[in-house]
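# Coordinate inspection notes
Okay, here's what each chain looks like letter by letter:
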Amino acid sequence: MKSILTTILFALVLAVLSACGDADNLYATGHRAYFQYDRVRTATPLYTAVSNPGMWCAVSTRNSQYVFTGSGGITATDAITDMDRRKGYECLAGFIVGRPSVPDLTGSTLVAYDLVCRACYEEHSLLRALTFSAAEQVRCGRCGRTYDLSSGGHAISGEGAYTLYRYHATYGDNASGTLTITN
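The notes below deal with the structure included here. (Residues numbered from 1 in each chain as written. Predicted model: local features only at pLDDT ≥ 70, side-chain atom pairs only at ≥ 80, totals over all residues. Heavy atoms only, no water.)

Time to look at the overall build of the protein. Looking only at helices and strands, the protein has four helices and 13 strands in total. Looking at the protein as a whole, 38% of its 183 residues qualify as buried. Taking the contacts inside the protein whose residues are at least 6 apart along the sequence as the reference set, 54% of them involve residues at least 24 apart. Accessible surface, the protein as shown: approximately 9,800 Å² in total, 56% of it carbon and sulfur. (Helix = DSSP H or I, 4+ residues; strand = E, 2+ residues; numbered from the N terminus. Buried < 20%, exposed > 50% of the residue type's maximum accessible area, 1.4 Å probe, protein only. Contact = heavy atoms within 4.5 Å. Areas by Shrake-Rupley, 256 points an atom, 1.4 Å probe, with all protein chains shown as cover.)

Now for the side chain of glutamate 136. Topologically, glutamate 136 is positioned in the loop between strand 8 (131-134) and strand 9 (137-139). Despite its burial, glutamate 136 pairs with no opposite charge; the closest candidate is arginine 99, at 11 Å N-O. Of the polar contacts made by the side chain of glutamate 136, one reaches the side chain of tryptophan 56; its length is 3.2 Å. Those residues within four positions of glutamate 136 in sequence are excluded, and the remaining contacts are Gly54, Trp56, Arg99, Pro100, Ser101, Tyr147, Asp148, Leu149 and Ser150. (Lys, Arg positive; Asp, Glu negative; His and termini not counted. Salt bridge = Lys/Arg side-chain N within 4 Å of Asp/Glu carboxyl O. Polar contact = N/O pair within 3.5 Å; in protein donor to acceptor, adjacent residues only side chain to side chain.)

So, in structure tokens, the structure goes:
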């Protein structure tokens, strides 16, 4: 009886330790990610994404401007200021920010992913930006994989069990709104 109790206790300890490991692996740590934007309310697609479940926004840069593209196709731009440059902008291909229509088990309501196709990046070292293919899905134009944003960024088509790189995201609903993404 004592050995059965010891075995059960050992199994419980292993289960707890492995559960903690899964929580640690939720967020990407292999590369630096940072973005702080304090004018969220002025970028309609971004403000919509941080404020409403089921809405998403891709954040990228082009020609000294931030480009905000909502999952519904609306795009807005904003000049990258000197202050923005000092804060920094680090990612692989950009960011995807939003609130899943169904909250995940971590209790996180605001989610941020890298805009890169993880399969193309890990298999071929290619930085391929994803595009919206449906309200809560993004697709890679190169390999054809589709990732579901509402289910933790898991690939729902294509070979391999890939999940988008996920980062910590906070939104302070102050006068203008500040979004911070870090890993």
